[in-house]
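# Breakdown of the fold
Each chain, letter by letter, is given below.
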Amino acid sequence: MAAPAHRKFTGVVVSAGKMEKAVKVRLAGQEWDKHIRKYFPAPYTVLVSDPNNSLREGDVINLRSGYRASKTVRHVVTSFIAPFGSGISERPPLPTEEELAQKLLQKRYEKDFRQASRGREAAYRRIKTAALQESQILYKLGQIQGLESMEDAESLGYLQAQLEKLKMMRREGVQVGEAGPPGGEESLGSVDARARYSAAKAARFTKKALENEEDLEKAQGKGASIAEEVARGAKAI
């Protein structure tokens, strides 16, 4: 039997309002004393994501693991058991599981887009595959809502817009010559375009180095001739 994707806990909020979208929650735990051979209470605390700042100190809540909001926040609140102080209706609502999943997916796509804009092919393929799936879903939704064509459905998609932007950046990267990319080196799309740009840049540096060597030789020659003339003049005197 496969292990569950996350664990569920019940805890008490012991610190709230000191961090943005995060609270500290105390969880019940036990510690084994090997000398007395008995379990003793050993509560511990974890940082819990509170996306809408809905929690207050003293709330008894349900939370689960498996939600990595930051390096140290890996739990998220799922529901209230016993709110402390103001009522639930007076606070911002807790996000649903679907909203949390959509938020994580959005962050994943944004990361893929940043990596794809730097030329990482794996991230570009992930966005392309996800955009195709999204367009199919939007097309089915469009048939229900009365959209006339596949293009109308695709125009509503977030991923389709990101994919078109990436394609444009990749085309610009391919067309970049020795002048370099318009938005800096990171805006180059494909690996071939970056290789051509690097080779052209190296050729420019080599050409400049040769020109500098020629200028140096000319300057040294002029300096030697001037020194010889000065020496001849000194002998004549």
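To keep things clear, this report deals only with the structure shown in the data block. Everything numeric in this text was worked out from a predicted model, so none of it was measured.

Residues that lie three or four places apart on an α-helix share one face, since the helix turns once every 3.6 residues. Taking 1.5 Å per residue as the helical rise, helix α1 (residues 97-117) with its 21 residues ought to reach 30 Å, and the 30 Å between its terminal C-alpha atoms agrees with that figure. The positive-phi residue at the C-terminal boundary of α1 is Gly119, with phi of around 100°.

Moving on: the sheet that holds strand β6 (residues 60-65). Around the barrel, which closes on itself, the five strands sit in the order β1-β2-β5-β7-β6 with mixed pairing between neighbours. Pairwise comparison of adjacent strand axes, ignoring direction, gives a mean angle of 50° for this sheet. Relative to strand β7 (residues 75-82), β6 runs antiparallel, the two sharing six bridges. The residue bridging Ile61 from the neighbouring strand is Phe80, located in β7.

As judged from the two bridges shared by strand β5 (residues 44-49) and β7, these two strands associate in the parallel manner. Directly across from Ser49, in β7, lies its bridge partner Val76.

What follows covers the side chain of Ser15. Within the secondary structure, Ser15 is located in strand β1 (residues 8-19). Dropping the residues within four chain positions of it, Ser15 is found in contact with Val23, Lys24 and Glu57.

This part is about the pairing of β6. Walk down a regular strand and you will see the side chains alternate between the two sheet faces. In this structure, β1 lies alongside β6, joined through five bridges in antiparallel fashion. From the neighbouring strand, Lys8 faces β6, where its bridge partner is Arg64.

Basis of the calculations
Residues numbered from 1 in each chain as written. Predicted model: local features only at pLDDT ≥ 70, side-chain atom pairs only at ≥ 80, totals over all residues. Heavy atoms only, no water. Helix = DSSP H or I, 4+ residues; strand = E, 2+ residues; numbered from the N terminus. Expected span 1.5 Å × (residues − 1). Pairing = 2+ DSSP bridges. Axes fitted to C-alpha atoms, helices over the stretch in contact; angles between N-to-C directions. Contact = heavy atoms within 4.5 Å.

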